[in-house]
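Listed below, chain by chain, are the residues.
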Amino acid sequence: MIVEDFRGFRRLDLQGLKGLNLVVGRNNCGKTSLLEGLALVSDPRRAPELPGLLRATSGQSSPRFFRWLIRDGAGGRTRLRAGLPAGWASVFLDWTIPQTEPLEHALGVPPLYVVCGSDGLRLRYQVTSGQTRDLASLVLGFGRAVRRRDGEDLIHRILKTVDPRIARVRVDLDKDGQDIMVDIGLTESVPLAQVGQGVYRLVAILSDIVGSGAAVCLIDEIENGLHHTALIDVFTGLAEAAAIADVQLFVTTHSHECLVAAHEAMKARSEYDLAVIRLFRVEEGVQGRVLERERIEAAIAGGVDVRS
Amino acid sequence: MAVKPLEKDCPRILMVEGYSDLTFLAEALQHLRKWQGVFIKHFNGKPDMAGTMEIYVTPQLLVEKSAIGAVVDADQNPNGTVQRFEQVLSATTGQKVIHGAWTSGKPRVGLFVVPEGSSRPGEIESLVWEAWSSDPRNSASKACVEAYRSCMAGLGVAPQSPERGLIGALFAMRADEDPRLGPGTRAHAFQEWSAPPLAPLMRFLDHIDR
């Protein structure tokens, strides 16, 4: 993945990405921006959705949002490239109308043009943000996920590690519509939203991975609502879900426990498929480095906080 | 008791291998009155300290700090240790870093490989033993410790590092709680800070804020 002049990034060249990629760094160092860049390069046709994907905008698309996609002072053009098995996918953002390349969108006022590289490669992506999810899309994703036998088994197994009372999770229909109901041993099943934020988040995340049909899942602040003692099981589940559905995960976190848990979960698998993307904000813009297994182990053993 | 400083509050960073080194060098800095504003980062005795340092020294740290130094043991490979740490620190900081000195860049970057750079093997304990045993007032005690070492050696028991063994034996008698170099020094088992063998290291530490 190469990012040039996008938001706070002057040039970011991320080599050695894996199936599970944890994005870490201080506040305002570009973690969410990186996910937005991934979304944009995965499918430029969905560029108008960017404002509501990961930020608290209530889904409202403001022209001002697009004003800041190109790095301030960059001279008017952003370039994003992602290496895919089939080749390089590339997307440009430009304040001027492109002459040679296909135009995808004009966003905001004045218009910012989204230009797709001649490769035309697309990846389907799914976002699980920390914002409250609308019920209809959650039910749809969960329904798709549990339609797969291995998906249903996985979701139940992982949820049980977070709350052992959970016996069953299913879609339920009544006169008010559909909901996801959870059997926790009471006289009736309770709505998912009332079981707890951790379980709610996990259902959303696992449903997105297994049931969305996406090739890339972008998960913002995965630790929200999850107790640290559950994290190894959660990451074990994420890795299994990603393997079942053949999905690449990009996950932001502020939690050191998440990093350790992801490492432990990956160590226990036949293939260690974890990379950590560290982002730093320095004077020239945001910089980043990808840490692979050897460096992750050294950081954990040496007591180095890679989030700083 | 002094409050442990936070990394974010300290303009100067000193990287060391383990907790015992941390406490010893904290005492040395306190003796020099250079303790304020220095955060000593230890790497849990990690065997590959150079590799861990590469992760620790981030572009952000280079921007935020005025001085970043490392004190490391030569162990059995003084030449290789000096070369490896000079190379890693130079590559990570973009400055030419050499043993025994501080650079003049921003931040200032320093490296000290104990006991004496590439010239001989050993560790901080080697310097401390030399410093303590070179004081004529300690000659009787020195004979006792060496006699103990000889006696144990006669039984086939020898420490991996001779000086670390000597310091352990000495501090076991002088610091009840913990005979390791750092905790023992903190308990005042060692106070010969002005002894000539320690001078190059103390000079290096003294220059951390120049």
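Residues numbered from 1 in each chain as written. Chains lettered and ligands numbered in written order. Predicted model: local features only at pLDDT ≥ 70, side-chain atom pairs only at ≥ 80, totals over all residues. Heavy atoms only, no water.

K.L.:
Got a sec to walk through the interface of chain A and chain B? Specific residues and values, please.
P.N.:
The interface is formed by 17 residues belonging to chain A together with 16 residues belonging to chain B. Across the chain A to chain B interface the summed buried area is about 1400 Å²; carbon plus sulfur atoms make up 54%. Considering only the surface of chain A that becomes buried against chain B, Arg-26, Arg-295 and Val-304 of chain A emerge as the three largest contributors, covering 31% of it. At the boundary of chain A and chain B, one finds 2 salt bridges. With a closest N to O distance of 2.8 Å, Arg-26 of chain A and Glu-64 of chain B form a salt bridge. Scanning the region where chain A abuts chain B turns up 5 residue pairs in polar contact (both at pLDDT 80 or more). (Contact = heavy atoms within 4.5 Å. Buried area = accessible area lost by both parts, 1.4 Å probe. Salt bridge = Lys/Arg side-chain N within 4 Å of Asp/Glu carboxyl O. Polar contact = N/O pair within 3.5 Å; in protein donor to acceptor, adjacent residues only side chain to side chain.)

K.L.:
Describe the environment of Val-57 of chain B, with residues and values.
P.N.:
If you trace the backbone, Val-57 of chain B turns up in the loop between α2 (49–56) and α3 (59–64). Residues within four places of Val-57 of chain B in sequence aside, it is in contact with Arg-289 of chain A together with Met-15, Leu-62, Thr-92 and Thr-93 of chain B. (Helix = DSSP H or I, 4+ residues; strand = E, 2+ residues; numbered from the N terminus.)

K.L.:
Describe in detail the sheet that holds strand β5 (residues 108–114) of chain B, supporting the description with residues and values.
P.N.:
Residues and elements named next belong to chain B. The strand order β2-β1-β3-β5-β4 describes an open sheet built from 5 strands, whose pairing is mixed. Edge positions in the sheet fall to β2 (38–42) and β4 (101–102), since each has one partner strand and no second. Where strand β1 (residues 12–16) lies against β2, 5 bridges are found, and the strand directions are parallel. Opposite Leu-14, over in β2, you have Ile-40 as the bridge partner. Relative to the sheet, helix α9 (residues 199–206) contacts β1, β3 (67–73), β4 and β5, its axis offset from that of β5 by approximately 160°. (Pairing = 2+ DSSP bridges. Axes fitted to C-alpha atoms, helices over the stretch in contact; angles between N-to-C directions.)

K.L.:
An account of the packing of helix α4 (residues 135–147) of chain A against helix α6 (residues 197–211) of chain A is requested, with residue identities and associated values reported.
P.N.:
Residues and elements named next belong to chain A. Look at α4 against α6: their axes get within 8 Å of each other, and the N-to-C directions meet at 60°. With respect to each other, α4 and α6 are oriented oblique. Of the two possible hands of crossing, α4 and α6 adopt the one that is left-handed. Contacts between α4 and α6 involve Leu-138, Gly-141, Phe-142, Arg-144 and Ala-145 from the first element and Tyr-200, Val-203, Ala-204, Ser-207, Val-210 and Gly-211 from the second. Considering only residue class, the contact of α4 with α6 consists of 7 nonpolar, 3 polar and 1 charged. (Parallel < 35°, antiparallel > 145°, perpendicular 65-115°, else oblique. Left-handed = near helix turned anticlockwise from the far one by under 90°. Nonpolar A, V, L, I, M, F, W, Y, C, P; charged D, E, K, R; others polar.)

K.L.:
Could you give me a rundown of the pattern of salt bridges, with the residues and numbers involved?
P.N.:
All names here are of chain A. Following the criterion strictly, the structure yields 34 salt bridges over all chains and no others. For Arg-11, the salt bridge goes to Glu-4, with nearest N and O atoms at 3.0 Å. Among the residues examined, Arg-11 registers a relative accessible area of 45% and is labelled partly exposed. Notably, a salt bridge pairs Arg-170 with Asp-172, separated by 2.9 Å at the nearest N-O pair. For Arg-170, a relative accessible area of 30% corresponds to the partly exposed category. Through salt bridges that share partners, Glu-4, Arg-11, Asp-13 and Arg-79 make up one connected network. (Buried < 20%, exposed > 50% of the residue type's maximum accessible area, 1.4 Å probe, protein only.)

K.L.:
Please set out unusual backbone geometry residue by residue, giving values where relevant.
P.N.:
Negative phi characterises most residues that are not glycine, and trans characterises most peptide bonds. Lys-106 of chain B connects to Pro-107 of chain B through a cis peptide bond whose omega is 0°. Looking at the secondary structure, you find Pro-107 of chain B in the loop between β4 and β5. Cis geometry is found at the peptide bond from Val-114 of chain B to Pro-115 of chain B, where omega equals 10°. Along the chain, the position of Pro-115 of chain B falls in the loop between β5 and α5 (124–133). Phi angles above zero are rare outside glycine, and Asn-28 of chain A is one such case at about 60°. Along the chain, Asn-28 of chain A falls in the loop between β3 (20–24) and α1 (31–42). Judged by relative accessible area, which is 65%, Asn-28 of chain A ranks as exposed. Although it is not a glycine, Arg-33 of chain B adopts a positive phi angle of roughly 60°. By the secondary structure assignment, Arg-33 of chain B is in the loop between α1 (19–31) and β2. Judged by its relative accessible area of 76%, Arg-33 of chain B is exposed.

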